[in-house]
Amino acid sequence: MRAAAGTGRRDRVPPHPDMREIGLQQVMEALVDPVRRRIVAELYAAREDLACGAIDLPVSKSTATHHFHVLREAGLIRQHYAGTSRMNALRREEFEERFPGLLRAVVAAHGQE
């Protein structure tokens, strides 16, 4: 039996912006929120992709979902599904190429807060 149209693996990966289309203003607006900086710092330190629920956040699940969406739209993270979990990874190499040193500086500053 064939899967219904539109239910393939691609539907399980939300759209991600092209890094060439991401501007510094959008990135800075995403990083101004301390919850989003915390997510970025956790992903920066992680050795593997993390599920949304694996990061302890002081907000509701729906608010956390919003924060992950903002980070994805700003080009900071890449998301995909593994089973029923939405996994997150920092787009470290792509981001470093576009904005050299910015992630390292943000994570360092977050650690000092």
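Cut-off values and rules
- Residues numbered from 1 in each chain as written.
- Predicted model: local features only at pLDDT ≥ 70, side-chain atom pairs only at ≥ 80, totals over all residues.
- Heavy atoms only, no water.
- Axes fitted to C-alpha atoms, helices over the stretch in contact; angles between N-to-C directions.
- Helix = DSSP H or I, 4+ residues; strand = E, 2+ residues; numbered from the N terminus.
- Parallel < 35°, antiparallel > 145°, perpendicular 65-115°, else oblique.
- Left-handed = near helix turned anticlockwise from the far one by under 90°.
- Contact = heavy atoms within 4.5 Å.
- Nonpolar A, V, L, I, M, F, W, Y, C, P; charged D, E, K, R; others polar.
- Pairing = 2+ DSSP bridges.
- Phe/Tyr/Trp six-rings, centres within 6.5 Å; stacked < 30°, edge-to-face > 60°.
- Buried < 20%, exposed > 50% of the residue type's maximum accessible area, 1.4 Å probe, protein only.
- Lys NZ or Arg CZ within 6 Å of the ring centre and 35° of its normal.
- Core = buried A, V, L, I, M, F, W, Y, C linked by side-chain atoms within 4.5 Å.

1. As for the packing of helix α2 (residues 34-45) against helix α5 (residues 102-112)
One way to put it is that α2 packs onto α5 with a least axis distance of 9 Å and a crossing angle of 110°. Judged by the inter-axis angle, α2 sits roughly perpendicular to α5. When the axes of α2 and α5 are compared, the crossing they make is left-handed. Contacts from Pro 34, Arg 37, Arg 38, Val 40, Ala 41 and Tyr 44 in α2 reach Leu 103, Arg 104, Val 106, Val 107 and His 110 in α5. Here the contact of α2 with α5 is composed, by residue class, of seven nonpolar, one polar and three charged.

2. A look at the pairing of strand β2 (residues 77-82)
Pairing of β2 with strand β3 (residues 85-90) involves six bridges; the strand directions are antiparallel. Of the residues in β3, the one forming a bridge with Ala 82 is Ser 85. In this structure, the hairpin formed by β2 and β3 is closed by a connection of two residues, where Gly 83 is found at a positive phi of approximately 70°.

3. Thoughts on the packing of aromatic side chains
As enumerated under the stated definition, the model contains one aromatic pair in all. A ring pair is formed by Phe 95 and Phe 99, whose centres lie 5.1 Å apart and whose planes are at 45°; its orientation type is tilted. The buried category is assigned to Phe 99, whose relative accessible area is 11%. Over the face of the ring belonging to Tyr 44 we find Arg 92, whose NZ or CZ atom lies 4.1 Å from the ring centre.

4. Brief notes about the nonpolar core
Among the nonpolar cores identified, the biggest contains 27 residues, and Ile 39, Leu 76 and Phe 95 are the most heavily contacted of them. Those elements giving two or more residues to this core turn out to be α1 (24-31), α2, α3 (61-73) and α5. Of the residues forming this core, the biggest block, five residues, is contributed by α2. With residues near it in sequence (within four places) discarded, Phe 95 still touches Met 19, Val 27, Ala 74, Gly 75, Leu 76, Pro 100, Leu 102 and Leu 103.

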